Amino acid sequence: MSKDRDRDPPSRQGRPAIAYAAAAAILLNACAGNPPGGSDAAAARETREQRIGADDGRDVCRPQLVQFDSAGEFFAGPIIAGAALGAAAGAGTAAAFPRTGPISALIGLAVGAGVGAAAGAAVGSYLEQRRREAGEDQAALDRLVAADLERENAGIDQAQRSFDALLDCRVRAAQQVREAARSGALPAPEAQARLAEIQERTRRDVELAKRVSTRIAERGNDLDTAIDALAPDVRPQVASANATVQAVVVPAVAAQPSVPVRVRPDPAAPAVAQVTPQQPVRVRPARTPGFAVVETESGQRLGYAPVEAFSTRGAGRVATPVRLAMPPSPFALPPPDATTANAAGAGAAVPAGRVRSLAATNIARRDNFIESVRHAESLANLGFETAI
């Protein structure tokens, strides 16, 4: 047979490529509706400049913004890197296609992406993955979930601290502008323009925080499946305790000449309002002991202040100090010492109640972050002007 005969005609050469392209289209269409990681998969590919914008040199809070953005990226992917397994499978499939030209290369990449997506989805849910790793060993499953909860709690703590620092910076920047305007060092029109700019930057901060909050919630949904399986009483008890606390609303007045209301329940946090003597407000229990959430009579949240700064009010009643005692958590446990932590890492059983405690504190951290984002949004919409 001649060499010309051995060589396939152009029409036959194109058939495998067409078949591969069709397979790629089928795979991609099947995976396009629900790619591994959902919206986070696309978000994870964004650059920092796309997420928070370029540095224009005018933002005094840029370092805090960058820090918060970095903390938020911890939540950009799944708790377990199942998508990474799918990516490895997809890369292997793509490599199997001969890349003799640009069309072949694109086909290989497309089929590889489809196979990778399918492999990532096939890994299963978070709890299923951890159960497969643990086998029939319940203690091993407890250890895996406890370690995930600890990492998640540390990540939320970092995000909370960095968001608090960013919001503090915005509030202090606005305070400095107002003080400069009051002293005459800054003309009123320029001060108003600067305050408007700070307000707009804060609104963008809140939008970024909402995205982080959504990611935390999505990962929280995965963790909740494990919490319900390993400690089924935790979530109902936390929900019941939260409902009890939220039902407490006490009409109050300032028991001091002037009570600074702060952006968060911390005496070092900047003040965003002042409650004057005999000014009617409402107070609710805050998640931080010793602090109250302060609202106007209409329910508009102002911020946080020490509970001891308020007295009760009511017709014909003698004012008494406000009491907003938080019920003790049934899940509170002392942190493990180094010996316990090392033993757990070596394969020992997780201390009794540890998963329950970590689960409850994880839920509380998620709720705290959501609450701080809501308060920041309210503050941004008010333009830092919350005088009452």
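Please read all numbers here as calculations on a predicted model, not as lab measurements.

### Examining the packing of helix α9 (residues 138-183) against helix α13 (residues 354-382)
Argument step 1. One way to put it is that α9 packs onto α13 with a least axis distance of 9 Å and a crossing angle of 20°. The angle between α9 and α13 falls in the class roughly parallel. Relative to α13, the crossing made by α9 is left-handed.

### Quick word on the state of the cysteines
Argument step 1. Following the criterion strictly, the structure yields one disulfide and no others.
Argument step 2. One disulfide bridge connects cysteine 61 with cysteine 169, the sulfur atoms lying 2.1 Å from each other. Disulfide cysteine 61-cysteine 169: torsion about the S-S bond near -95°, hence left-handed. Linking cysteine 61 in the loop between α4 (48-52) and α5 (62-72) with cysteine 169 in helix α9, this pair joins segments that are 108 residues apart in sequence.
Argument step 3. By relative accessible area, cysteine 169 is classed as buried at 13%.

### A short note on helix α11 (residues 234-246)
Argument step 1. Compared with the 18 Å implied by 1.5 Å per residue over 13 residues, the 18 Å span of α11 between its first and last C-alpha is a close match.
Argument step 2. For α11, the set of buried residues is Val234, Val238 and Val245. Down the axis of α11, the smallest arc covering the buried residues is 30°, so these residues share one side.
Argument step 3. Taken together, the buried residues of α11 touch α10 (188-230), β4 (281-285) and α13.

### Examining the packing of α5 against α10
Argument step 1. Close contact between α5 and α10 brings their axes to 10 Å; oriented N to C, the two are set at 15°. Comparing the axis directions of α5 and α10 gives the class roughly parallel. Note that α5 runs across α10; the crossing there is left-handed. Between α5 and α10, the residues in contact are Leu65, Phe68, Asp69 and Gly72 and Asp205, Leu208, Ala209, Val212 and Arg215, respectively.
Argument step 2. Grouping the amino acids of the contact of α5 with α10 by side-chain chemistry returns five nonpolar, one polar and three charged.

### Things to note about the pattern of salt bridges
Argument step 1. Evaluated as defined, the whole model comprises 30 salt bridges.
Argument step 2. One salt bridge in this structure joins aspartate 59 and arginine 201, with 3.8 Å as the shortest N-O distance. One end of the pair, aspartate 59, is in the loop between α4 and α5; the other, arginine 201, is in helix α10, and 142 residues separate them in sequence.
Argument step 3. In this structure aspartate 59 comes out as buried when scored by relative accessible area, which is 10%.
Argument step 4. On the basis of relative accessibility, which here comes to 10%, the residue arginine 201 falls in the buried class.
Argument step 5. Residues glutamate 73 and arginine 215 are paired through a salt bridge, measuring 3.0 Å at the closest nitrogen-oxygen approach. Here the residue glutamate 73 occupies a position in the loop between α5 and α6 (82-95), and arginine 215 occupies one in helix α10, the gap between them amounting to 142 residues.
Argument step 6. Overall, arginine 215 belongs to the buried group, its relative accessible area being 4%.

### Comments concerning the packing of aromatic side chains
Argument step 1. Here the structure, examined in full by the defined rule, presents four aromatic pairs.
Argument step 2. Judged by centre distance (5.9 Å) and plane angle (55°), the ring pair of phenylalanine 163 and phenylalanine 369 falls under tilted. Separated by 206 residues along the polypeptide, phenylalanine 163 in helix α9 and phenylalanine 369 in helix α13 bring together distant segments of the chain.
Argument step 3. Through a chain of ring-to-ring contacts, three or more aromatic side chains come together here, namely Phe68, Phe163 and Phe369.

### Considering the nonpolar core
Argument step 1. Of all hydrophobic cores here, the largest spans 26 residues; its most connected members are Phe68, Phe163, Val263 and Phe369.
Argument step 2. Breaking this core down by element, the ones donating at least two residues are α5, α9, α10 and α13.
Argument step 3. Looking at which element gives the most residues to this core, the answer is α9, with seven residues.
Argument step 4. Every residue in contact with phenylalanine 68, bar those within four places of it in the chain, is listed here: Ala159, Ser162, Phe163, Leu166, Asp205, Leu208, Ala209, Val212 and Phe369.
Argument step 5. Listed in part, the 21 residues of the second largest apolar core include Leu141, Leu149, Val355 and Leu358.

### Section: the confidence of the model for the chain
Argument step 1. When the pLDDT values of the chain are averaged, the result is 77; 68% of them are 70 or greater.
Argument step 2. Considering each helix and strand of the chain separately, the mean pLDDT is smallest for helix α7 (residues 102-122), with a value of 41, and largest for α5, with 97.
Argument step 3. Segment residues 1-43 is flagged for pLDDT under 50; beyond a separation of four residues in sequence, or across chains, it makes 28 contacts in the model.
Argument step 4. Predicted confidence for residues 82-122 stays below pLDDT 50, and this span has 44 contacts to residues more than four positions away or in other chains.

### As for unusual backbone geometry
Argument step 1. Positive phi is not limited to glycine here, since glutamine 278 has a value of about 65°.
Argument step 2. With respect to the helices and strands, glutamine 278 occurs in the loop between β3 (271-275) and β4.

### Focus: the pairing of strand β6 (residues 301-306)
Argument step 1. Strand direction decides the pairing type here: strand β5 (residues 291-295) and β6, joined by five bridges, are antiparallel. From the neighbouring strand, alanine 292 faces β6, where its bridge partner is alanine 305.
Argument step 2. Where β5 folds back onto β6 in an antiparallel hairpin, the turn is made up of five residues, including glycine 299, whose phi is positive at roughly 100°.

### Some details on the pairing of strand β2 (residues 259-262)
Argument step 1. Alternating positions in β2 separate cleanly, Val259 and Val261 being buried on one face and Pro260 and Arg262 remaining unburied on the opposite face.
Argument step 2. Taken together, the four bridges between β2 and β3 define a ladder with antiparallel strand orientation. Opposite valine 261, over in β3, you have alanine 273 as the bridge partner.

### Observations regarding α9
Argument step 1. Spanning 46 residues, α9 covers 67 Å between terminal C-alpha atoms, matching the ideal 68 Å at 1.5 Å per step.
Argument step 2. Near the N-terminus of α9, the side chain that reaches the backbone nitrogen of alanine 139, with its oxygen 3.0 Å away, is that of aspartate 137.
Argument step 3. Just beyond α9, the residue with positive phi is glycine 184, at close to 90°.

Quick notes on the rules
- Residues numbered from 1 in each chain as written.
- Predicted model: local features only at pLDDT ≥ 70, side-chain atom pairs only at ≥ 80, totals over all residues.
- Heavy atoms only, no water.
- Axes fitted to C-alpha atoms, helices over the stretch in contact; angles between N-to-C directions.
- Helix = DSSP H or I, 4+ residues; strand = E, 2+ residues; numbered from the N terminus.
- Parallel < 35°, antiparallel > 145°, perpendicular 65-115°, else oblique.
- Left-handed = near helix turned anticlockwise from the far one by under 90°.
- Disulfide = S-S within 2.5 Å.
- Buried < 20%, exposed > 50% of the residue type's maximum accessible area, 1.4 Å probe, protein only.
- Expected span 1.5 Å × (residues − 1).
- Arc of directions from axis to C-beta.
- Contact = heavy atoms within 4.5 Å.
- Nonpolar A, V, L, I, M, F, W, Y, C, P; charged D, E, K, R; others polar.
- Salt bridge = Lys/Arg side-chain N within 4 Å of Asp/Glu carboxyl O.
- Phe/Tyr/Trp six-rings, centres within 6.5 Å; stacked < 30°, edge-to-face > 60°.
- Core = buried A, V, L, I, M, F, W, Y, C linked by side-chain atoms within 4.5 Å.
- pLDDT = per-residue confidence, 0-100.
- Pairing = 2+ DSSP bridges.
- Polar contact = N/O pair within 3.5 Å; in protein donor to acceptor, adjacent residues only side chain to side chain.

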